[in-house]
Amino acid sequence: MVNNLGRKLTIIAVLLSISVGLLIFKDRPFRLGLDIRGGTRLSYFIDIDAAIRAGELSENENKALILQQTIDIISDRINSSGLKEPTIRQEGNSRVVIEIPGSAGLGGIQAEAALGAAMGPGDAGVLALTGDETQIESFPGNGGTVRIGSEKIHYKAIDGTNLIELTRAYLGTTAVAHESGATVELVSDNAIRSAIENLGELEFLILAEISDYSSLGTDATTERGKLEAWVAENPNLPLARFNRVPAEAGGPNPGIRWFPGKADGRSELERAEILLTSKDPWQFTGQNLGKVYFTQDRLGYPAVGFEFKPSKRTDFGDFTDENTGRVMAIVLNDVIASTARIKNRLPGGGIIEGEFSEQEVDSLVTVLRTGSLRIRPILEAEEIVGPSLGSDYVQRGFRGGIIALIAILLFMIGYYRKLGVFTAISLGANLLLLMGALAFKNATLTLPGIAGIILTVGLAVDANILIFDRIREEQDKGRNIKQAAKNGFDRALVTIVDANLTTLITGIILFVVGTGPLRGFAITLCYGVITSMFAALVITRVLVHYSLEKPKPSFSMGTWLVKADYKFLNKAKLALGVSSLAIIGGLGLFASMPDDEKMGIDFIGGIEMLVRTEEPQETDTLREIVGDIPGQIGQSATVKEVLQFGEGEGTYTGFRISFKTPGDVNTEAAEDDTDTLSPEIRAVLGDLLQKGPVELTLSSAGDTPTADLRLYFDEAHSGADIATQLELAGIKNAVVTEDPARAQTYIASGEAPFGTEANDLRNQILDVFGEGADSQGVAYTLSLPIPQTSVVGPQVVGELRDKA
């Protein structure tokens, strides 16, 4: 019955082996979604006003449009496949909040090395690595975050075994001294951040030669002198900013521009090169590229290949023809990424090379394909958040899916007997192939996604039912068992292919036209269709074939559905009337509902709050309390723990709560008045909220009034520093100790000034801790019960909504 049986068995064995290998041996075959496991939360500031002041944008620019364009580009960069399932929302008028499933390279140690030379608290030049060469090579060349003891340090590049362009005391940690030999742990690579923050500006310019200066009316010495003078006056600005200074104000000659080479441990000034300014039609940028792809240079290093759009190919050919024999520099994000001497006319493309790593090339290809950002996003906060769904909800979701799958299999086995067992084996193989395909694509599994996978497998029994009932019909006609089985598969083939092909076409359209989560769903759907057809038409057929090889083969199956005699068509008019009424009534009811009731937070936006509690709480406990709030807040609220505030044993003192905007709240008017955005949350949490930030009790039992205090901070400080600040507020001889039960919380007692009211003294304390820093340079920031409350925009908006 089966032709080329050996070939089919080989194909089945190879595909199943590959799937098993991907699921077992691949490091993290799946990334669990934000709803199941949580992930990394990044908050970026888009400073449009600063860009306007710097002349990068016109004052007439539409700020809302620029922010939306930024969000669209970021979405394309970090979720080009549609399988990562991030959440990207606008916060207020100038911020973008991104949540990425999993740790996104944060938290877990990815590589280790030893510190090659001691570092003081103020050293920010070079971080030398020593130790295992394989481990050192694991530190990504395009930057990342390392941890030495309690301090995190961010670096932007590597020069040999040295991490360079350092940012000390990263993410709120404190810069301290480190001894030679201390362990350096790589806790985050720059892959996600690089994709988000990379402007994607690309230019093709010619390196200036001595003969060029005379025609420009200048010389290299004069131009370098102007650059050195500007750098001395602006040591903290990037060198490329000098190109915006007018020539009459000490800027460069209009015919040249300055750019530094790739980071190598030297300063930008030492790496600076003079390039000639291009004029139309020889101005080439990343926007002119039609194709960007991964390739290799002559030495085998990863490189970026590019081709210009047809409208620019002739111009680029003329440009390279005119400059044959000269050095062309490819400038990426105001840094010379690579240089090459033009040997002959280039028809419309080339290679960007520079001994890049594969990770750097992947990042460059992604960035150049998605277009350039007009403003560089500024990272303000980075934290790990827990899942949006409770553990009980997740477990029930898993249980429901498994129960549904088992019920389907039990029905198939009970009704189709031996053929039902074949269905169970086929569906198991189908599920394995589907999961292997998703693991190959590094898919993110969310709870709805898992339910969709199980539903896809469940629907796959349709093909088996068609085949088996065809076999029964052939047997009823008197065919022998082998002929009946052959006819059953052959005659069901057209129906199976037709049904699955229409679904596959739908999936392809969703993938091509859609974006964001739609593309992820489309890929999962297409893979499910393909594996289901393979399982039904190949694996099930092979199993039936081997069953027919046994002596006296037979297939028995239930007939009660065949013999059922339901007069469905006799009630056609009644069914049509009831269905029409239900459809029209349902559409009318949906249309009449206000948007804030019928749409979720993904479509209409809402409010997000960071909440601090006095005592450590379990997430499920807080989730139940907030869920009991009447109306939209309780129905739509999600509660996620912030792992940085973990207190052990599954309890936390910091949570992020988000919910739909109540219909009676004017979010635009309330944006600057956070109290109007969260009264219900404040009321329901009540005594659970953190106290303070300044708890003060005055007593006058003795000759001198005494002030007893409890102070809450976001960062740790020494008792001596806190006592110094308290003295500025009028409290003398203060004794300060850290609360052993709560980090960054201090208990203090000292002499209060005579005649001072408690409220007045509290306000003085708030004032002295409202600015300044301690002896280690750590800013004083008092911890509030609800330190952040903001309006967040919808996730499905603009291009994402329209394509959906």
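Residues numbered from 1 in each chain as written. Predicted model: local features only at pLDDT ≥ 70, side-chain atom pairs only at ≥ 80, totals over all residues. Heavy atoms only, no water.

Enquirer: Go over the overall build of the chain with me, naming the residues and quoting the values.
Expert: When its secondary structure is counted, the chain shows 27 helices and 29 strands. Buried residues in the chain amount to 46% of all 804 residues. By sequence separation, contacts in the chain at least 24 residues apart represent 71% of the contacts at least 6 residues apart. For the chain, the exposed area adds up to about 39600 Å²; of that, 55% sits on carbon and sulfur atoms. For the chain, the distance from the average site of its 73 positive side-chain charges to the average site of its 102 negative ones is 15 Å. (Helix = DSSP H or I, 4+ residues; strand = E, 2+ residues; numbered from the N terminus. Buried < 20%, exposed > 50% of the residue type's maximum accessible area, 1.4 Å probe, protein only. Contact = heavy atoms within 4.5 Å. Areas by Shrake-Rupley, 256 points an atom, 1.4 Å probe, with all protein chains shown as cover. Lys, Arg positive; Asp, Glu negative; His and termini not counted. Charge placed at Lys NZ, Arg CZ, Asp CG, Glu CD.)

Enquirer: How would you explain helix H21 (residues 619-627) if you had to name every residue and give the values?
Expert: Where H21 is concerned, the buried positions are Thr619, Leu622, Arg623 and Val626. Mapping the buried residues of H21 onto a view down its axis gives an arc of 105 degrees, with all of them on the same face. Those residues of H21 that are buried are in contact with strand E21 (606-618), helix H22 (632-636), strand E22 (638-641), strand E24 (651-660) and helix H24 (679-685). (Arc of directions from axis to C-beta.)

Enquirer: Break down the sheet that holds strand E18 (residues 349-352) for me, citing the residues and quoting the values.
Expert: Spatially, the three strands line up as an open sheet ordered E14-E15-E18, and their pairing is antiparallel. The open sheet has two free edges, formed respectively by strand E14 (289-296) and E18, since each of these has just one partner strand. Averaged over all pairs of adjacent strands, the angle between their axes in this sheet comes to 25 degrees, without regard to strand direction. In this structure, E14 lies alongside strand E15 (residues 302-308), joined through seven bridges in antiparallel fashion. Opposite Thr295, over in E15, you have Ala303 as the bridge partner. (Pairing = 2+ DSSP bridges. Axes fitted to C-alpha atoms, helices over the stretch in contact; angles between N-to-C directions.)

Enquirer: Can you lay out the pattern of salt bridges for me, pointing to particular residues and giving the numbers?
Expert: Applying the stated criterion across every chain yields a total of 29 salt bridges. In this structure, the salt-bridge partner of Asp321 is Arg345, at a minimum N-O distance of 3.6 Å. One end of the pair, Asp321, is in helix H9 (residues 310-322); the other, Arg345, is in the loop between strand E17 (335-341) and E18, with 24 residues separating them in the sequence. Judged by its relative accessible area of 42%, Asp321 is partly exposed. One salt-bridge network, in which partners are shared between bridges, spans Arg41, Glu91, Glu99, Glu608, Lys640 and Arg656. (Salt bridge = Lys/Arg side-chain N within 4 Å of Asp/Glu carboxyl O.)

Enquirer: Break down the sheet that holds strand E28 (residues 745-751) for me, citing the residues and quoting the values.
Expert: Here we have four strands laid out as an open sheet, ordered E25-E26-E28-E27, and antiparallel in their pairing. This sheet does not close on itself; its edge strands, each paired only once, are strand E25 (694-699) and strand E27 (732-738). The sheet shows a mean angle of 15 degrees between the axes of neighbouring strands, taken without regard to direction. Taken strand by strand, helix H25 (residues 719-728) contacts strand E26 (706-712), E27 and E28, and its axis lies near 145 degrees from that of E27. Contacts between helix H26 (residues 758-768) and the sheet are confined to E25 and E26, with E25 contributing the most and set at about 140 degrees to the helix.

Enquirer: Describe the environment of Gln359, listing the residues and the values that go with them.
Expert: One can find Gln359 in helix H10 (residues 358-370). Overall, the relative accessible area of 25% leaves Gln359 in the partly exposed class. Residues Gln359 and Ala191, 168 residues apart in the sequence, show an inter-C-alpha distance of 7.5 Å.

Enquirer: How would you explain the packing of helix H11 (residues 391-416) against helix H14 (residues 461-476) if you had to name every residue and give the values?
Expert: With their axes 12 Å apart at the nearest point, H11 and H14 run at an angle of 5 degrees to one another. By the angle class used here, H11 and H14 are roughly parallel. Touching Ile408, Met412 and Tyr416 of H11 are Val461, Asn464, Ile465, Phe468 and Asp469, all from H14. Looking at the contact of H11 with H14 residue by residue, the class counts come to six nonpolar, one polar and one charged. (Parallel < 35°, antiparallel > 145°, perpendicular 65-115°, else oblique. Nonpolar A, V, L, I, M, F, W, Y, C, P; charged D, E, K, R; others polar.)

Enquirer: Mind laying out a nonpolar patch on the surface, listing which residues take part and the relevant values?
Expert: Together, Leu493, Val497, Leu501, Ile505, Ile508, Ile509, Phe511, Val512 and Val513 give the surface a local cluster of nonpolar side chains, amounting to about 750 Å² of exposed area. By secondary structure assignment, the location of Val497 is in helix H15 (residues 481-513). (Patch = residues over 30% accessible without salt bridge, like charges linked within 9 Å, V, L, I, M, F, W, Y side chains within 5 Å.)

Enquirer: How would you explain the nonpolar core if you had to name every residue and give the values?
Expert: Residues Tyr416, Leu419, Ile467, Phe468, Ile471, Val544 and Phe555 are the most contacted members of the largest nonpolar core, which totals 40 residues. Those elements that place two or more of their residues in this core are H11, helix H12 (418-440), helix H13 (447-459), H14, H15 and helix H16 (517-548). Top element by residues in this core is H12. It accounts for seven residues. Contact partners of Tyr416, with chain neighbours within four places excluded, come to Ile465, Phe468, Asp469, Ser556 and Met557. Of all hydrophobic cores here, the second largest spans 34 residues; its members include Val292, Phe306, Phe316 and Leu364. (Core = buried A, V, L, I, M, F, W, Y, C linked by side-chain atoms within 4.5 Å.)

Enquirer: Account for unusual backbone geometry, with residues named and values stated.
Expert: For residues other than glycine, phi is negative in most cases, and the peptide bonds are mostly trans. Put simply, Gly692 and Pro693 share a cis peptide bond, and its omega is 20 degrees. One can find Pro693 in the loop between H24 and E25. With a phi close to 55 degrees, Asn333 is a non-glycine residue in the positive phi region. On the secondary structure map, Asn333 appears in the loop between strand E16 (327-332) and E17. Take Asn333: its relative accessible area is 14%, and that puts it in the buried class.

Any functional reading would require information that these geometric values do not contain.
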